[in-house]
Amino acid sequence: MDAQQSQGPATAADQGGKSTQGRYVEPGKAFDRDMRYLATRITADGRDGYPVEAGRYRLIVSRACPWANRAIIVRRLLGLEDAISMGIAGPTHDARSWTFDLDPDGRDPVLGIERLQEAYFRRVPDYPRGITVPAIVDTRDGAVVTNDFQRMTLDLSTEWTAFHREGAPDLYPQAQRAEIDELNRWLLHHVNNGVYKAGFAGSQEAYEEAYADLWESLDILEDRLSRSRYLMGPSITEADVRLFPTLVRFDPVYAGHFKCARKPIASMPNLGGYLRDLFQTPGFGDTVDLQHIKEHYFAVHRDINPTGIVPVGPDMSSLLEAHDRDRFETVTWGAGTAPEPPLRAEVVDPAHTPLHVTGR
C-alpha cells in the first residue's frame, strides 16, 4: 500500500509525516487491496532464519482489526500465551502507523517503541507499504519478522505444536486442509474483503457490484450453515476463525459505515445463530472489543465519515441470547478441550463488550 491506498483496518499509511489522515477511497475506482506482505515464516526447522522459540517473539495486534482478531483467537485456542507475548496497539492510527497509546507511557513495554512503524523500519528501512497488524516482531532486534496474516495463523497451528497447550484443538486438520484452503480463499475475496470492496468503492457501479457479490456470498453461507454447526462440520476449524471477525463487526460497523446493510446478521436464522454461538465460545467473543472496533472505523476513515463521530449504538447484548446451533452434531474441540480463560492482563474492558469474563 502507498500513501493513496489503504488496506482498511489492518493498515496505516506512511506519508512521510505530511498528513495525519490516510485516504481509503479512490474516486471512480473499485477497491483493490495490496496483498504484498513480509512473507518470512517462523518455522520449527528455522528455514527462513526464524526458528520457533518460546519467549522470543511478540505478536502485535489491535483489537479493532479483523485480521489481527484471527491471530488473537488462534493464540488463545492453542494456548500459546506463554510462548508468544502480545502487545496491543490502540484502536486508531494516523497516516504513519499504529501507536501504543494504550500503554501508560505510550510505548510498548517489551519493544520500547511508540509506533509499530519503528519495528518495520528496523526490518526494512523506509518500508514502502502499509504498517499492518497483526505483525510478529523478533524481540532480539525489535524488527518485524512477518505481517503475512494469511499464513501466520496456519503456522501457529502447524509449526508451534511443541508449545501448544494440552488439549489444543486441531484447527487445520490434515484431511480437511485442501477444502479449508479453498473455502478460506473464497471467504477472503467475497466476504472478509468483500465488505471493504463495498465500503471503499469509488463509484456507484463498483459499490453495487461489491454489495451484490457480498450478499450473494452471505446467502451461500446462510445455506451452508443450515446443515452443520460449524463451516467444516461438527468441529471448529481455521475457517470459523476467519469468518467470525467479519461477522461480529458487521452489524455495528459494516452495515452502516460500509453501506453493506440488507438485513442485520443477527436476524439471519443460521448466520445469526452461528455468530451468537461463536461469540459465547471461549476464545472467540472474549477477544472482541466492540468499542475499539467502532472507534477505529468511524474515527480513522475520515473520507467516509468526515466528522469522526463514533456511534453510541447499536446494542450488541443480543450476542448473548440463546442460539440453536447445538441441534447439529457437535464435537466443538475435536479431540481437544476448551481453552483456559484469557490472561488477566488481556481481558477486554467490560465496558466494551456484553461478555464479561474473569482472567487468570
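Residues numbered from 1 in each chain as written. Predicted model: local features only at pLDDT ≥ 70, side-chain atom pairs only at ≥ 80, totals over all residues. Heavy atoms only, no water.

1. Comments concerning the overall build of the protein
When you go through the protein residue by residue, the secondary structure sums to nine helices and six strands. A compact globule built from 360 residues should have a C-alpha radius of gyration of about 21 Å, and the protein, at 19 Å, falls within 12% of that. For the protein, the C-alpha atoms occupy an extent of roughly 55 × 50 × 40 Å along the three principal directions. Here the protein, with 360 residues, has 59% of them falling under the buried criterion. Long-range pairs, those at least 24 residues apart, make up 72% of the contacts in the protein between residues at least 6 apart in sequence. (Helix = DSSP H or I, 4+ residues; strand = E, 2+ residues; numbered from the N terminus. Rg over C-alpha atoms; globule rule 2.2 N^0.38 Å. Buried < 20%, exposed > 50% of the residue type's maximum accessible area, 1.4 Å probe, protein only. Contact = heavy atoms within 4.5 Å.)

2. Brief notes about the pattern of salt bridges
Tallied over the full model, the rule gives 22 salt bridges. For Arg56, the salt bridge identified is with Glu53, shortest N-O distance 3.5 Å. Note on Glu53: relative accessible area 26%, which makes it partly exposed. (Salt bridge = Lys/Arg side-chain N within 4 Å of Asp/Glu carboxyl O.)

3. Here we look at the confidence of the model for the protein
Taken over all residues, the pLDDT of the protein has a mean of 93, while the share at 70 or more is 94%. Note that residues 1–20 has pLDDT below 50 and, in this model, 79 contacts with residues that lie over four places away or in other chains. (pLDDT = per-residue confidence, 0-100.)

4. Considering the packing of helix 7 (residues 238–257) against helix 9 (residues 290–300)
One way to put it is that helix 7 packs onto helix 9 with a least axis distance of 10 Å and a crossing angle of 20 degrees. The orientation of helix 7 with respect to helix 9, classified from their angle, is roughly parallel. Remark: the crossing between helix 7 and helix 9 carries right-handed chirality. Here Val248, Arg249, Pro252, Val253, Tyr254 and His257 of helix 7 come into contact with helix 9, specifically with Leu290, Ile293, Lys294, Tyr297 and Phe298. Among the residues making up the contact of helix 7 with helix 9, the classes are represented as eight nonpolar, one polar and two charged. (Axes fitted to C-alpha atoms, helices over the stretch in contact; angles between N-to-C directions. Parallel < 35°, antiparallel > 145°, perpendicular 65-115°, else oblique. Left-handed = near helix turned anticlockwise from the far one by under 90°. Nonpolar A, V, L, I, M, F, W, Y, C, P; charged D, E, K, R; others polar.)

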